[in-house]
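Geometric and topological summary
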Amino acid sequence: MRIGFGYDVHAFAPGRELWLGGIRIPYERGLLGHSDADVLIHALCDALLGAAAMRDIGFHFPDTAGNEYEGIDSKILLRRVMQMLREKGYELGNCDCTICAQQPKLARYIEPMRQCVADTMGVPVDSVSIKATTTEHLGFVGREEGIAAQAVVLIDKRQQNTIP
């Protein structure tokens, strides 16, 4: 068994859609980034890659790769990360994710995000925990300058069937 931790931050930007956990959230601003800037999925990808000692999302999907990842749906990146883990023999035990956002309020989107992330990863929804919190108006999140996300994962090596 291995544990991984991921953290990501994106600033708000006008004229962009807000994507969190693979779900479009109606809001006046989105997040700035090379991809769709889904801060939750990015933190989750980093946690998964870290647990398997496979570096980070920027190493595998660099913003310096020209247009290859520009505007990409982060669910595609998460699917690729899960494929890389499975190729190394790992499977997700569970993940626990926290979104830190002063605004917008996210409670009604948590269950759709959980289902979307679970479907994207090919795991049962009860393996995916997503929570949202504010920072009580402290820091860049509290000033509504952006959103942060954290993720912790447990992965384990699948047992190989061996015949003596």
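Shown above is the structure to which this text applies.
Looking at soluble globular proteins, one finds that nonpolar side chains tend to be buried together. Ranked by size, the top nonpolar core spans 51 residues in total, and within it Leu-44 and Leu-48 carry the most contacts. Counting residues per element, the ones that place at least two in this core are strand S2 (18–20), strand S3 (23–25), helix H1 (39–51), helix H3 (74–87), strand S5 (90–100), helix H4 (110–121), strand S6 (128–133) and strand S7 (146–157). Tallying contributions element by element places H1 first for this core, with 10 residues. Beyond its immediate sequence surroundings of up to four residues, Leu-48 is in contact with Leu-78, Val-81, Met-82, Leu-85, Leu-92, Met-121, Val-153 and Ile-155.

On the surface, a cluster of nonpolar side chains totalling about 480 Å² of accessible area is made up of Ile-3, Phe-5, Tyr-7, Val-9 and Val-152. In terms of residue count, strand S1 (residues 2–14) provides more of the nonpolar patch than any other element does, 4 residues in total. Along the chain, Tyr-7 turns up in strand S1. Accessibility expressed as a relative area gives 41% for Tyr-7, which makes it partly exposed.

All right, on to the environment of Gly-4 then. Mapped onto the elements of the fold, Gly-4 is located in strand S1. Among the residues examined, Gly-4 registers a relative accessible area of 4% and is labelled buried. Each C-alpha atom of the pair Gly-4 and Gln-115 lies 21 Å from the other, and the pair is 111 residues apart in sequence.

Attention now moves to the sheet that holds strand S4 (residues 29–31). Strand order in the open sheet formed by 5 strands is S4-S1-S7-S5-S6, and the pairing between neighbours is mixed. Of all the strands in the sheet, just S4 and S6 have a single pairing partner and so form its edges. Across this sheet, the average inter-strand angle for adjacent strands is 20°, counted without regard to direction. Strands S1, S4, S5, S6 and S7 of the sheet are contacted by H1, whose axis makes an angle of about 155° with S1.

The end-to-end C-alpha distance of H4, which contains 12 residues, comes to 16 Å, matching closely the 16 Å that a straight helix rising 1.5 Å per residue would cover. Those residues of H4 lying buried are Ile-110, Met-113, Arg-114, Cys-116, Val-117, Ala-118, Thr-120 and Met-121. Gly-122 sits one or two residues past H4 and shows a positive phi near 70°.

With that settled, consider the environment of Glu-111. Within the secondary structure, Glu-111 sits in helix H4. With 14 residues separating them along the chain, Glu-111 and Val-125 place their C-alpha atoms 9.3 Å apart. Polar contacts involving the side chain of Glu-111 include one to the side chain of Arg-114, which spans 2.9 Å.

Two cysteines joined by a covalent bond between their sulfur atoms form a disulfide. The full count for this structure, using the stated rule, is 0 disulfides. Sulfur of Cys-95: no disulfide; nearest cysteine sulfur belongs to Cys-97 and is 4.3 Å away. What makes Cys-95 buried here is its relative accessible area of 1%.

What follows covers the packing of aromatic side chains. Throughout the structure, instances matching the rule amount to 2 aromatic pairs. When the ring of Phe-12 is compared with that of Tyr-27, the centres are 5.6 Å apart and the planes differ by 45°; the resulting orientation is tilted. With Phe-12 in strand S1 and Tyr-27 in the loop between S3 and S4, this residue pair connects regions lying 15 residues apart in the sequence. Accessibility expressed as a relative area gives 10% for Phe-12, which makes it buried. Between the aromatic rings of Phe-61 and Tyr-69, the centroid separation amounts to 5.5 Å while the plane-to-plane angle is 80°, which identifies the pairing as edge-to-face. With relative accessibility at 10%, the residue Phe-61 sits in the buried group.

Analysis parameters
- Throughout, a residue's number is its position along its own chain's written sequence, starting from 1.
- Per-residue local features of the predicted model are confined to residues with pLDDT of at least 70, and side-chain atom pairs are confined, for both listing and counting, to 80 or more; whole-chain, interface and lining totals are unaffected and use all residues.
- Just so you know, side-chain values use all the structure's heavy atoms and leave hydrogens and water out.
- Only buried residues count toward a nonpolar core, which is a set of Ala, Val, Leu, Ile, Met, Phe, Trp, Tyr and Cys residues joined through side-chain atoms within 4.5 Å.
- A 1.4 Å probe rolled over the protein chains alone gives each residue an accessible area, and that area as a share of the maximum for its type sets the label: buried under 20%, exposed over 50%, partly exposed in between.
- Only runs of H or I of at least four residues qualify as helices and only runs of E of at least two qualify as strands under DSSP, and these elements are numbered from the N terminus.
- The contact rule is simple, with two residues in contact once any of their heavy atoms fall within 4.5 Å.
- To count toward a patch, a residue needs a relative accessible area above 30% and no salt bridge. Like charges then connect within 9 Å, nonpolar side chains (Val, Leu, Ile, Met, Phe, Trp, Tyr) within 5 Å.
- All accessibility values rest on the Shrake-Rupley procedure with a 1.4 Å probe; residue burial counts only the protein chains present in the view.
- We count a salt bridge whenever a side-chain nitrogen from Lys or Arg sits within 4 Å of a carboxyl oxygen from Asp or Glu.
- Strand pairing requires that DSSP identify at least two bridges connecting the strands.
- Fitted lines through C-alpha atoms give the axes, limited to the stretch in contact for helices. The angle between two N-to-C directions lies from 0 to 180 degrees.
- Expected span of a helix: the number of residues minus one, times 1.5 Å.
- Each polar contact in these results corresponds to two N or O atoms within 3.5 Å; when the atoms are within protein, one needs to be able to donate a hydrogen and the other to accept it, and residues that are neighboring in sequence are counted only if both atoms are side-chain atoms.
- Two cysteine sulfur atoms make up a disulfide if the distance between them is within 2.5 Å.
- Only the six-membered ring of Trp is used, alongside the rings of Phe and Tyr, when aromatic pairs are assigned; centres must lie within 6.5 Å, and planes under 30 degrees apart are stacked while those over 60 apart are edge-to-face, with the rest tilted.

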